[in-house]
Amino acid sequence: MDNLPEGPHKKKTAPSQNTQSLRLRALELENEALKSQIGELMYEKIELTDAITDYKQSTSWRITAPIRALRRALFRLTGTPTDKTYLRTSGVIHRLGGPSLRYELRPVKDLIHDATGSWIATGADPQLEVHLIGGTLRRGWYKLILEAAKPVVARQLSPEWHLTQGSAGIESGQGVLTRDGLVFSAVFFSDRDIVGLRINPCFFRGKIGSFGVNVSRSNRFGAYAYFRLHQKRLHNLEDERADEVTLGGRGVPSSADLSSALIRLGDQPGYANFLSADANYEQWITAHERRTGKSELLTRLRALPQKPTISIILPVYNTPVKQLRACIESVQRQSYPYWELCIADDASTNPEVAEILRGYAAMEPRVKVTYREENGHISAASNSALQLASGDYIGLLDHDDELAPDALLSIASAINKKPDVKLIYSDEDKIDRTGRRREPHFKSDWNPDLL
């Protein structure tokens, strides 16, 4: 970092031939990882292309061609609905081979709809009926959408759906609606005629706000696309739950198998709550976070009476290459230059890990690495990394985490304000595979009861 005061661990060395070789090897490994990811995406594309081709060659596709043409003609004549779902308290479900069926929303328990269009829960178990007028829904696939008018409304909702099937009128199906921004949705299959559909929008007493509901026909192929989309989203969040629900074979699965997979996916703990980034948090990031400029950084550094060296302890074991690089480079990008990164490789079985660590240690004198001969798990590995530390303060970092660019500068500023401080902790959030930040955890002031 140019024009910064030299820290106790800041040295300039000319790159050796060995260093250049390690850099080249690191680039080769990164290239191989990118090729592997491209291969996976190409395989997914082939799978979906095969499924579409099989569908278009099927007898049902050819037989229903006139119906699709008629539907397109009707849309050209009448236009498509333009009103927002959150304004709807009634609607129409179009049924193939039969007349359309109207429905309207009716509060049945602990719920009222006031004159302003807001829903208010009068008890802890509000229930809303999608009342079918003059008929039942035939067996098959359906898509249910609940749309909130505003983000503040969406954050209060945790909707569930319940089906009543057959002439006996017994509830025999249920699930959760997953959130994507203001929209909550579910796709489900009923093997019998549906005589009733109920929604539990939340589980608290008080004003909820405005929302509306839309019910429409779907099919096996739409349900399969829905399943793949939500499974991919969990995967992007690096959520191992995405790998717990799979569909074997190629092509589009049967309705029974697909319905079962959707139910299992919905049963994963917290599944409905972690699919949507919060637009308000993104606005908060824009309003409150900015990278410190060079002149401002120099001013802040010169103003610090103390410039303590912070030793970052990093235990590593078989970390995925992409995450490991992101973690280490987040430390290298720190605006505060007085740090050292103490890494302990806990006998990783993946040889790429050691190669990458050697490369970073060769390029950056502030990166120190020790290689354990036996796997001792996180506590032992952390203690091994601690033995490398020579700084004034110790910081802990997981091998799949990243530091914000000014994180250590904020820590150093806090130390200068309270030199006798014993423990410093920070807010945190999560980053998904697409790079979006979500699920912020804004921690309170010091409170031993909340530790």
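See the structure above.
Parameters and conventions
Residues numbered from 1 in each chain as written. Predicted model: local features only at pLDDT ≥ 70, side-chain atom pairs only at ≥ 80, totals over all residues. Heavy atoms only, no water. Helix = DSSP H or I, 4+ residues; strand = E, 2+ residues; numbered from the N terminus. Contact = heavy atoms within 4.5 Å. Areas by Shrake-Rupley, 256 points an atom, 1.4 Å probe, with all protein chains shown as cover. Phe/Tyr/Trp six-rings, centres within 6.5 Å; stacked < 30°, edge-to-face > 60°. Lys NZ or Arg CZ within 6 Å of the ring centre and 35° of its normal. Core = buried A, V, L, I, M, F, W, Y, C linked by side-chain atoms within 4.5 Å. Buried < 20%, exposed > 50% of the residue type's maximum accessible area, 1.4 Å probe, protein only. Pairing = 2+ DSSP bridges. Axes fitted to C-alpha atoms, helices over the stretch in contact; angles between N-to-C directions. Patch = residues over 30% accessible without salt bridge, like charges linked within 9 Å, V, L, I, M, F, W, Y side chains within 5 Å. Salt bridge = Lys/Arg side-chain N within 4 Å of Asp/Glu carboxyl O. Polar contact = N/O pair within 3.5 Å; in protein donor to acceptor, adjacent residues only side chain to side chain. Lys, Arg positive; Asp, Glu negative; His and termini not counted. Charge placed at Lys NZ, Arg CZ, Asp CG, Glu CD. Arc of directions from axis to C-beta. Parallel < 35°, antiparallel > 145°, perpendicular 65-115°, else oblique. Left-handed = near helix turned anticlockwise from the far one by under 90°. Nonpolar A, V, L, I, M, F, W, Y, C, P; charged D, E, K, R; others polar.

A look at the overall build of the chain
Stage number 1. Helix and strand content of the chain: 12 helices and 19 strands.
Stage number 2. The long-range share in the chain, meaning contacts at least 24 apart out of those at least 6 apart in sequence, stands at 75%.
Stage number 3. As displayed, the chain has an accessible area near 25,600 Å², and 52% of this comes from carbon and sulfur atoms.

Quick look at the packing of aromatic side chains
Stage number 1. Taken as a whole and judged by the stated rule, the model has five aromatic pairs.
Stage number 2. A connected cluster of aromatic rings, assembled from ring pairs, spans Tyr142, Trp161 and Phe188.
Stage number 3. Arg220 extends its terminal NZ or CZ atom over the ring of Phe221, reaching a point 4.9 Å from the ring centre.

Considering the nonpolar core
Stage number 1. Within the largest apolar cluster, 32 residues are counted, with the highest numbers of intra-cluster contacts made by Leu144, Ile208 and Val213.
Stage number 2. Take this core: its biggest share by element is four residues, from strand β6 (residues 140-148).
Stage number 3. Core analysis: the second largest hydrophobic core is formed by 27 residues, Leu297, Val321, Ile343 and Val353 among them.

A closer look at the sheet that holds strand β4 (residues 119-121)
Stage number 1. Reading across the sheet, the three strands line up as β3-β4-β12 and stay open at both edges, with antiparallel pairing between neighbours. Pairing within the sheet leaves two strands with one partner each, and these edge strands are β3 (111-113) and β12 (206-209). Taking each pair of neighbouring strands and ignoring which way they run, the sheet shows an average axis angle of 25°.
Stage number 2. In this sheet, β12 lies alongside β4 in antiparallel orientation, the contact comprising three bridges.

Focus: a nonpolar patch on the surface
Stage number 1. Where nonpolar side chains cluster on the molecular surface, the patch consists of Leu386, Ile394 and Leu396 and spans about 320 Å² of accessible area.
Stage number 2. Tracing the backbone shows Ile394 in strand β17 (residues 393-396).
Stage number 3. Judged by relative accessible area, Ile394 falls into the partly exposed class, the value being 45%.

A short note on the pairing of strand β2 (residues 101-109)
Stage number 1. Sheet topology note: the strand β1 (residues 90-93)/β2 ladder contains four bridges and is antiparallel. Considered in β2, the bridge of Val92 is made with Arg102.
Stage number 2. Relative to strand β5 (residues 127-133), β2 runs antiparallel, the two sharing seven bridges. Bridged to Tyr103 within β5 is Leu132.

Focus: the sheet that holds strand β14 (residues 310-316)
Stage number 1. Here four strands make up an open sheet; going across it, the order is β16-β15-β14-β17 and the pairing parallel. Edge strands, defined here as strands with exactly one partner in the open sheet, are β16 (367-371) and β17. Pairwise comparison of adjacent strand axes, ignoring direction, gives a mean angle of 25° for this sheet.
Stage number 2. The sheet contact formed by β14 and strand β15 (residues 339-345) spans seven bridges and is parallel. Bridging across to β15, Ile310 finds its partner in Trp339.
Stage number 3. The strands that helix α10 (residues 351-363) touches are β14, β15 and β16; relative to β16, the one it contacts most, it runs at about 150°.

Side note on the environment of Tyr103
Stage number 1. Mapped onto the elements of the fold, Tyr103 is located in strand β2.
Stage number 2. Overall, Tyr103 belongs to the buried group, its relative accessible area being 0%.
Stage number 3. Distance in space between the C-alpha atoms of Tyr103 and Glu129 is 9.6 Å, their sequence separation being 26 residues.
Stage number 4. Contacts of Tyr103, omitting those with residues within four sequence positions, involve Ser90, Gly91, Val92, Ile93, Val130, His131, Leu132, Ile133, Val213, Asn214 and Val215.
Stage number 5. Among the polar contacts listed, one links the side chain of Tyr103 to the backbone nitrogen of Val215, at a separation of 3.3 Å.

Topic: the pattern of salt bridges
Stage number 1. Inspection of every chain in the model, using the stated rule, returns eight salt bridges.
Stage number 2. Here Glu364 and Arg366 are joined by a salt bridge, their closest N and O atoms 3.0 Å apart.
Stage number 3. Given a relative accessible area of 13%, Arg366 falls into the buried group.
Stage number 4. For Asp429, the salt bridge is made with Arg437, and the minimal N-O distance between the two is 2.7 Å.

Regarding a negative patch on the surface
Stage number 1. Together, Asp398, Asp400, Asp401 and Glu402 make up a region of like negative charge exposed at the surface.
Stage number 2. In this fold, Asp398 is placed in the loop between β17 and α12 (407-417).

Some points on the side chain of Arg366
Stage number 1. Residue position: Arg366 is located in the loop between α10 and β16.
Stage number 2. One polar contact links the side chain of Arg366 to the main-chain carbonyl oxygen of Pro337, over a distance of 2.6 Å.

As for unusual backbone geometry
Stage number 1. A positive phi is found at Asn318, a non-glycine position, where the angle reads about 50°.
Stage number 2. With respect to the helices and strands, Asn318 occurs in the loop between β14 and α9 (321-332).
Stage number 3. Of the residues examined, Asn318 reaches a relative accessible area of 26% and is grouped as partly exposed.
Stage number 4. We note that His377 has phi near 75°; this positive angle belongs to a residue other than glycine.
Stage number 5. One can find His377 in helix α11 (residues 377-386).

Structural notes on α11
Stage number 1. For α11, every residue scored as buried is listed here: Ala381, Ser382, Ser384 and Ala385. Seen along its axis, α11 keeps its buried residues to an arc of 160°; they face one direction.
Stage number 2. Looking at the buried side of α11, the elements it contacts are β14, β15 and β16.

Some words on the side chain of Gln127
Stage number 1. Within the element layout of this structure, Gln127 appears in strand β5.
Stage number 2. A distance of 3.0 Å separates a polar atom in the side chain of Gln127 from a polar atom in the side chain of Asp125.
Stage number 3. Not counting residues within four places of it along the chain, the set of residues in contact with Gln127 comprises Pro107, Val108, Lys109, Leu111, Arg198, Ile199 and Asn200.

A look at the packing of α9 against α10
Stage number 1. Running from N to C, α9 and α10 cross one another at 20°; their axes reach a closest spacing of 11 Å. With respect to α10, the element α9 is oriented roughly parallel. Helix-helix and strand crossings are classified by hand; for α9 and α10 the assignment is right-handed. Contacts between α9 and α10 involve Val321, Leu324, Arg325, Ile328, Glu329 and Gln332 on the former and, on the latter, Glu352, Val353, Ile356, Leu357 and Tyr360.
Stage number 2. For the contact of α9 with α10, a count of residues per class yields seven nonpolar, one polar and three charged.

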